[in-house]
Every structure is written in structure tokens, then in C-alpha cells.
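Single-letter residue listing:
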Amino acid sequence: MPKATYWIRRSKRHLTLATGAIAITCLAYAATPPPDVRHRLSMATAYAGLIFLAGSLWIGPWNVLRRRPNPVSFDLRRDVGIWTGILAILHTIVGLTVHLRGRMWMYFFKRLHPLRIQDGEFGFANFVGLGAAVVLLMLLVISNDISMRSMGIRQWKSLQRWAYVACALTVVHGIAYQLIDKRQLPWVFAFAALTLAILVMQALGYLRITRSTG
């Protein structure tokens, strides 16, 4: 494929993904009760990011189940992952302004002098969420051909597998905030459905691989 055609195709895909991300964010924002704009944006970017994370982790198993090639890296999965990372970072930035109104450090520390870590359910949820954001940021930074060539396929792929760690941390963070904020049942069901969808698809893909190699 000519290079110009390749980049035109990827640009169109990114435009489609950006449109989808904005649409999902707007729908989730509209579904979140007013009037707190920051809370609504935090919820909207959280659920949009979780949908994109589920999509990025669905693509590989879906190829396996359809007996299609599932290469180490291909553009669709990488591009969905890029928008997952963007949404996660946006959620982190907005989310750190919701409860404490700009005092971001208090999400992690009760006081600075003397230093005292924010413990309990609230602190746990925030540290786990920060861990997920850091991993997703790392994956976002290396989601390009330059990183893949400089690291080599094996090292690059081993780092990309941290997506599963990010997913696990995201789920734990999400469960904690369902409890902290006492979320309404529709949001709980949506979160549970997306989490279950990820687990089921990953399990089906794993079973197909083990059966085909066994």
C-alpha cells in the first residue's frame, strides 16, 4: 500500500474514533445528573474510556475466534488503544478536580507537613486509578512504529501486555468509586456489563488458543 494511502486511511480511522469518543462522552455526560459539570465530565470520560478499553481488548480475541490473523501489532487495535489512553488521561485530569476542588494532592495525601498518606477506601481508589493512568500513559507513548522498531518486537510486545494490568487496575478503581459515590444502579449495571464483556471475550479467546495448540 502506498504510504500516502496508508496515512489517509489511518487519519480517517482516527477521525471516526475521535467522533465516537466525543459522541459517547456527550451521551454519558447527558445521562449524568446535573448540575456539577466537573462530576459529569469525570463520569463521561470514565465510561467512554472504559468502552474504548473494552474494545481494544476485544479485537485480539475476536480475531482468534474468527480464525483470522492476530499479529503482534496492527493498526486498528493500536488506534483504539491510543484513544483509550487519551480518554483515560482526560478522565484523570478532570477527576482530580471533582471532590476536593483543585486540591489535587489531597487525593493522595491527608497532609504534607508532616506527610500523611490518604488511606481508607478513598485513598485506595485514587492510588489504584493513578496506577492505571500511568500504565495507560506509558502505552500511549509507545503506541507508534518508532518505539516498536527501537525496542524490538519482543520488548515492545511485553510492554504492551501491561494493558491487562491497566485493565485490572481500572476495574478495581471503578468498583471502589461505585461504592464511594454510591452510584445509581444503571451506572453499576453498565460498569458490570463492560467488565464482564472484557472477561468473557478474553476467556473465549484463551480457550480457542489452548484448544488449537493442545
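Just so it is clear, the model here is predicted, and its values are computed rather than measured.

Reading the values: rules and limits
Residues numbered from 1 in each chain as written. Predicted model: local features only at pLDDT ≥ 70, side-chain atom pairs only at ≥ 80, totals over all residues. Heavy atoms only, no water. Helix = DSSP H or I, 4+ residues; strand = E, 2+ residues; numbered from the N terminus. Salt bridge = Lys/Arg side-chain N within 4 Å of Asp/Glu carboxyl O. Buried < 20%, exposed > 50% of the residue type's maximum accessible area, 1.4 Å probe, protein only.

Asker: Break down unusual backbone geometry for me, citing the residues and quoting the values.
Answerer: In the segment running from P34 into P35, the intervening peptide bond is cis, with an omega of 15°. As for its placement among the helices and strands, P35 is situated in the loop between α1 (3-31) and α2 (37-65). In this structure, P114 follows H113 across a cis peptide bond, with omega equal to -5°. Checked against the element boundaries, P114 lands in the loop between β1 (109-112) and β2 (115-117). The backbone of R67 sits at a positive phi, close to 60°, despite the residue not being glycine. You can see R67 is positioned in the loop between α2 and α3 (75-95). Of note, the phi angle at K182 is positive, near 50°, even though the residue is not glycine. Looking at the secondary structure, you find K182 in the loop between α7 (162-180) and α8 (185-213).

Asker: Tell me what's going on with the pattern of salt bridges, and back it up with residues and numbers.
Answerer: For the coordinates displayed, the defined rule picks out 6 salt bridges. Here R13 makes a salt bridge to D79, at a shortest N to O gap of 2.8 Å. With R13 in helix α1 and D79 in helix α3, this pair connects stretches of sequence that are 66 residues apart. With a closest N to O distance of 2.9 Å, K110 and D119 form a salt bridge. In this structure K110 comes out as partly exposed when scored by relative accessible area, which is 31%. A residue is classified by how much of its surface remains accessible, and D119, at 44% relative accessible area, is partly exposed. What you see here is one network of salt bridges that share partners, running through R10, R13, D75 and D79.

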